[in-house]
Amino acid sequence: MARKKKMSTGKKVGITALAAVIVIGGVAGYATLGKKSTTSNVLNEYLPVDMTTQDLSQMTDSYAFEVAANVQQGLLSRTSSGAPKAGLAKSWSHSKDGLTWTFHLRKGLKWSNGDALTAEDFVYAWQRTVNPKTASQYAYIYSGIKNADAINSGKNKDLSSLGIKAKNKTTLVVTLEHPMPQFQNLMAFPVFFAQDKKFESSLGSKVGTSSSKQVYSGPYKFVGWNGSNKNFKLVPNKNYWNAKAVKNKGVNFQVVTDTTAALALYNKGELDQVTLSTPQQIKKYKNSKNFKIYNQSQTDYLEYNQTGKVKGLTNTKIRQALNLATDRKTIANSVSEGLDSAATGITPAGLALTSTGGDFAKAAAKATAYAYNIKKAKKLFAEGMKEAGLKKLTLTIEGSSDSTVTKSTLDTLQQSWSELPGLTVKEKLVPFKQRLLDQENHNFDVVLAAWGADYSEPLTFLNMFVTDGANNDGKWSNKQYDTLINNASDKDALSDTKRTADEIKAEKTLYDDSAVNPVYWVNAAILSNSKVKGVQYFSSGAPYYFWNAYRSKK
């Protein structure tokens, strides 16, 4: 779910713990395209940051995925409980060893522009995403599909050797290098959706840079976005194979970055739902009948630039001191009126279960000891500074200016970190898009980032920090960690007991080395219009399905 399903560090709607999806009576939004109406069967949705792209190979943030999941569809979709169900594929099967998967597409599938949608469109899309020339930051998620890693690394130049073949127009065969427990869930994730080669071939890098520079395979078409404007919408796609199942006339979107303005619009009846983004808002409305709290399966964390460009941050003791000087409970309480939780690991509570049925995050917390201890932090910092040959150190913490909670988080960090002898702490607030770009380019000292789950398994978080991984913006490297993640993803993939053990050890390795700094797990507080029914919210992958929703009269 961040970039790379990375999230803005602002608040956004999530779901109940340990549940893949729920259906509630509300959807966020603000209708501006066309005449606003709170009585027509049009849903109103808003984004707290600007739309980035609709290129399925290039998108990395949850807001792009939110739109993509409704205007495109994968081989598989998801039931209201989050389980895989038929999508563009009407049926599928796999071999006994779990390495060969066969998908049978529905006949007569079309893109929104009328082009035929065939099995070859999936082959093209997958090859395009893993092709190193595309530079997709989500190519890593193909790991486990035959030759995906070798192709993406440049070692294998033959795109046709990727483990996906079209036997005919409606039959796809996928070959894995090892069993992947999350494989079916991934088939409902936008990075694995089909792409129309015929349409995209003349566009090059302009694919998905506006709504007209993309075609759509899902329940809706995306219209009205020129690449930078604040108003756009989803309209029913008449060429979608199950167009009759769409229960509304579309979804209007507007970018609303001002949370006070969003709340005012909700109170005027111009928003169907609003996320409460300040402690003051939460305190005021927490007793309202329309107030709801959801676990977002999101971790807000600090990443340290360990490329060698930033003095001191390659020293383990200095990073350990910064982690110890982080007052997680105070930060969590300050940003959400106590609704968020101080993180005890990178994997949030409520995402996944252990082999024995317990919450993974709770089990991992027994192997870590994230705590606020300024006395110990000062001692380690002094030792680390001496080892690094430094007497003074200045660090800048970067965060998203679009978020209402970033400033208070950075203020608390600045206050406690500044107690470390010789350390000067500065703050840098930039727009969400710029923060993502700075992370990609390693253009930061310390960055406040956020990640939402792509699937309901700890690896969706733990995979981020493998050596040279596309998500490893700090460039931390640890051979033991790489081995643990490789084992959990490969030889131990089908053993719940062994995989859980690998993942807990990986969490401990992150902690021991202070590779990153998990700060808090995000919950969301919302007010929703009870007349809007049937919106589906998921904790992992793309967050919303809108097509079963409708506006009731009661």
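Residues numbered from 1 in each chain as written. Predicted model: local features only at pLDDT ≥ 70, side-chain atom pairs only at ≥ 80, totals over all residues. Heavy atoms only, no water.

### Considering the pairing of strand β13 (residues 291–304)
Move 1: Counting buried positions over the 14 residues of β13 gives 12, a clear majority of the element.
Move 2: As judged from the 7 bridges shared by β13 and strand β17 (residues 446–452), these two strands associate in the antiparallel manner. For Thr299, the partnering residue across the bridge sits in β17 and is Trp451. (Buried < 20%, exposed > 50% of the residue type's maximum accessible area, 1.4 Å probe, protein only. Helix = DSSP H or I, 4+ residues; strand = E, 2+ residues; numbered from the N terminus. Pairing = 2+ DSSP bridges.)

### Thoughts on the sheet that holds strand β9 (residues 220–223)
Move 1: The sheet built from 4 strands is open, its strands ordered β2-β11-β10-β9 with mixed pairing. Unpaired on one side and paired on the other, β2 (43–47) and β9 mark the two borders of the sheet. Strand after strand, the sheet turns through a mean of 20° between neighbouring axes, direction not considered.
Move 2: In terms of strand pairing, strand β10 (residues 231–236) meets strand β11 (residues 251–255) through 4 bridges, oriented antiparallel. Counterpart to Lys233 in the pairing with β11 is Asn252.
Move 3: The strands touched by helix α1 (residues 62–71) are β2, β9, β10 and β11; relative to β9, the strand with the most contacts, the crossing angle is about 135°. (Axes fitted to C-alpha atoms, helices over the stretch in contact; angles between N-to-C directions. Contact = heavy atoms within 4.5 Å.)

### Notes on the sheet that holds strand β6 (residues 100–105)
Either a parallel or an antiparallel arrangement is found when strands of a sheet pair, and the pairing is made through backbone hydrogen bonds.
Move 1: As summarised here, the arrangement of the 4 strands in space is β5-β6-β8-β7, forming an open sheet in which the pairing is antiparallel. In the strand order of this sheet, the two ends are held by β5 (89–94) and β7 (164–168), each with one partner. For this sheet, the mean angle separating the axes of adjacent strands, direction not counted, is 20°.

### A closer look at helix α2 (residues 119–130)
Move 1: If you check α2, its first and last C-alpha atoms are 17 Å apart, about what 12 residues at 1.5 Å a residue would give, namely 16 Å.
Move 2: A large share of α2 lies buried, amounting to 11 of its 12 residues.
Move 3: Of the positions making up α2, those classed as buried are Ala119, Asp121, Phe122, Val123, Tyr124, Ala125, Trp126, Gln127, Arg128, Thr129 and Val130.
Move 4: Looking at the buried side of α2, the elements it contacts are β6, α3 (148–153), β7, β8 (171–175) and α5 (197–200). (Expected span 1.5 Å × (residues − 1).)

### Focus: the environment of Arg106
Move 1: The topology assignment puts Arg106 in the loop between β6 and α2.
Move 2: Taking relative accessible area as the criterion, Arg106 reaches 19% and is therefore assigned buried.
Move 3: Note: C-alpha distance between Arg106 and Thr259 (153 residues apart in sequence) is 43 Å.
Move 4: Not counting residues up to four positions away in its chain, the partners in contact with Arg106 are Ala86, Gly87, Leu88, Ala89, Lys90, Thr170 and Trp241.
Move 5: Looking at Arg106, its side chain comes within polar contact range of the main-chain oxygen of Gly87, at 2.7 Å. (Polar contact = N/O pair within 3.5 Å; in protein donor to acceptor, adjacent residues only side chain to side chain.)

### A word on the packing of helix α9 (residues 328–336) against helix α12 (residues 406–417)
Move 1: Between α9 and α12, the least distance of the axes is 9 Å, while the angle of their chain directions is 155°. One finds that α9 runs roughly antiparallel with respect to α12. Viewed along their axes, α9 and α12 form a crossing whose handedness is right-handed. Where α9 approaches α12, its residues Thr330, Ile331, Ser334 and Val335 are matched on the opposing element by Ser408, Thr409, Thr412 and Leu413.
Move 2: Among the residues making up the contact of α9 with α12, the classes are represented as 3 nonpolar, 5 polar and no charged. (Parallel < 35°, antiparallel > 145°, perpendicular 65-115°, else oblique. Left-handed = near helix turned anticlockwise from the far one by under 90°. Nonpolar A, V, L, I, M, F, W, Y, C, P; charged D, E, K, R; others polar.)

### Details of the pattern of salt bridges
Move 1: Using the criterion set out here, one finds 16 salt bridges in the structure.
Move 2: A salt bridge links Lys317 to Glu383; the nearest nitrogen and oxygen atoms lie 3.2 Å apart. One end of the pair, Lys317, is in helix α8 (residues 316–324); the other, Glu383, is in helix α11 (residues 374–388), and 66 residues separate them in sequence. (Salt bridge = Lys/Arg side-chain N within 4 Å of Asp/Glu carboxyl O.)

### Observations regarding the pairing of strand β20 (residues 535–538)
Move 1: Covered by surrounding structure in β20 are Val535 and Tyr537 together with Gln536 and Phe538, the residues of both alternating faces.
Move 2: Sheet topology note: the β20/strand β21 (residues 544–545) ladder contains 2 bridges and is antiparallel. Within the sheet, the bridge partner assigned to Tyr537 lies in β21 and is Tyr544.
Move 3: Where β20 folds back onto β21 in an antiparallel hairpin, the turn is made up of 5 residues, including Gly541, whose phi is positive at roughly 70°.

### Brief notes about the confidence of the model for the chain
Move 1: Residues at a pLDDT of 70 or more form 93% of the chain, whose mean pLDDT is 90.
Move 2: Of the regions scoring below 50 in pLDDT, residues 9–37 engages in 146 contacts with residues more than four places distant in sequence or in other chains. (pLDDT = per-residue confidence, 0-100.)

### Considerations on the packing of aromatic side chains
Move 1: Applying the stated criterion to the full structure yields 23 aromatic pairs.
Move 2: Consider the rings of Tyr138 and Phe189, whose centres lie 5.4 Å apart with planes at 65°: the pair is edge-to-face. Note that Tyr138 is positioned in the loop between α2 and α3 and Phe189 in the loop between α4 (183–186) and α5, a separation of 51 residues in sequence. Across the pair, Phe189 and Tyr138 agree in class, each one buried.
Move 3: An aromatic cluster is built from Phe222, Trp225, Phe232, Phe253, Tyr537, Tyr544 and Phe546, whose rings are joined through pairwise contacts.
Move 4: The residue whose ring lies beneath Arg78 is Phe538, and the NZ or CZ to ring-centre distance is 3.6 Å.
Move 5: Of note, Arg106 hangs over the ring of Trp241, and the distance from its end group to the ring centre comes to 3.5 Å. (Phe/Tyr/Trp six-rings, centres within 6.5 Å; stacked < 30°, edge-to-face > 60°. Lys NZ or Arg CZ within 6 Å of the ring centre and 35° of its normal.)

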